[in-house]
Amino acid sequence: MRALPFLLAFVFAAILAAPTLRALRAGGHTRLNWRQRSLPCPFGVLAPVAALLALVPLMLVERIAHTAILYPRVLPVAVYALGVSCLGLIDDTLGAERPGAPSPRGWRGHSAVAMRGELSTGALKAAGSLGLALLATNYAAAGLSIGRWLLAAAVLVLATNVLNLLDLRPGRAMKAFVLLGAGLTIGVRELRPLWTLGLFAGPALVAGVYDLRERAMLGDTGANLLGALAGLWLVLTLSGTGQLIVLALLVVMTVYGELRSISALVQRVPLLRGLDSLGRPS
């Protein structure tokens, strides 16, 4: 029964995938990918839409049958997941690169734009994600000290940003999310965090497969969601010490992504290069 939100949202996403692709193309919502192919974007909108639709039968069954289907922590999870998806959608629509006016890159670029008094969707995303993370962890981790609360919020924000940084090649963000989830599940031998995130994880995986096969692009809407789910999985699974270690790793990856090219690093390491290209059309 606990897997029902994951499965139902997954099915809704599979049903809605083709119509969503057509709607994005019909509306002119396309973007050139790394091979200069014009693809529907942001296909990441599929995940929150499917999750919200799945809530209709889930809540009706839970209320009428007087049975618990959703985990209690699903509310702060939904707040953060939907919130960062919305911030990503704002970035996809208002922060799109225009001819002669390339979009700012990285935190330094967005900070410079914000300091000039202009709208920076990247700065908006960073500040908004922090506010959402503080709200979500305040309710998801009630009773923790202020230090642990701030630590969990920092993990959430940086995990969201790191998976966004990885979303430079088809399927890369989804693979990072799957590998992280598999590692955490094997490490603690516990599926409860997955079922807690299942309402959004199920449809996010459907969208990720389309991204991997280069039939669509997630956009920041989808990459933000995958990053949010990764951060939530870490917070729901790890102890305070584990979160400190992960936070240090996330800081290193964030700084590296700011100063260097993650794609160039992946290409230099044979294992990463093989994993990165796995499942992608040649």
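All values reported here derive from a predicted model rather than from experimental measurement. (Residues numbered from 1 in each chain as written. Predicted model: local features only at pLDDT ≥ 70, side-chain atom pairs only at ≥ 80, totals over all residues. Heavy atoms only, no water.)

Participant: Honestly, the overall build of the protein chain in this entry has me stumped. Any pointers?
Facilitator: Assigned secondary structure in the protein chain consists of twelve helices and two strands. If you line up the protein chain on its principal axes, its C-alpha atoms span 60 × 45 × 45 Å. By the burial criterion, 47% of the 282 residues in the protein chain qualify as buried. Taking contacts inside the protein chain between residues at least 6 apart in sequence as the whole, the part at least 24 apart equals 79%. Of the roughly 13900 Å² that the protein chain leaves accessible, carbon and sulfur atoms contribute 68%. (Helix = DSSP H or I, 4+ residues; strand = E, 2+ residues; numbered from the N terminus. Buried < 20%, exposed > 50% of the residue type's maximum accessible area, 1.4 Å probe, protein only. Contact = heavy atoms within 4.5 Å. Areas by Shrake-Rupley, 256 points an atom, 1.4 Å probe, with all protein chains shown as cover.)

Participant: What exactly am I supposed to notice about the environment of Phe43 here?
Facilitator: You can see Phe43 is positioned in the loop between β2 (38-40) and α2 (46-64). Classification of Phe43 as buried rests on a relative accessible area of 1%. Placed 161 residues apart in sequence, Phe43 and Ala204 show a C-alpha to C-alpha distance of 9.9 Å.

Participant: Which parts of the structure should I look at to understand the packing of aromatic side chains?
Facilitator: Where two aromatic rings form a pair, the distance of their centres and the angle of their planes describe that pair. Here the structure, examined in full by the defined rule, presents four aromatic pairs. Measuring from centroid to centroid gives 5.2 Å for Phe43 and Tyr210, while their planes differ by 45°, and the two rings are tilted. Taken together, the positions of Phe43 in the loop between β2 and α2 and Tyr210 in helix α8 (residues 192-212) put the pair 167 residues apart, joining distant regions of the chain. The side chain of Arg2 reaches across the aromatic face of Tyr71, ending 4.3 Å from its centre. (Phe/Tyr/Trp six-rings, centres within 6.5 Å; stacked < 30°, edge-to-face > 60°. Lys NZ or Arg CZ within 6 Å of the ring centre and 35° of its normal.)

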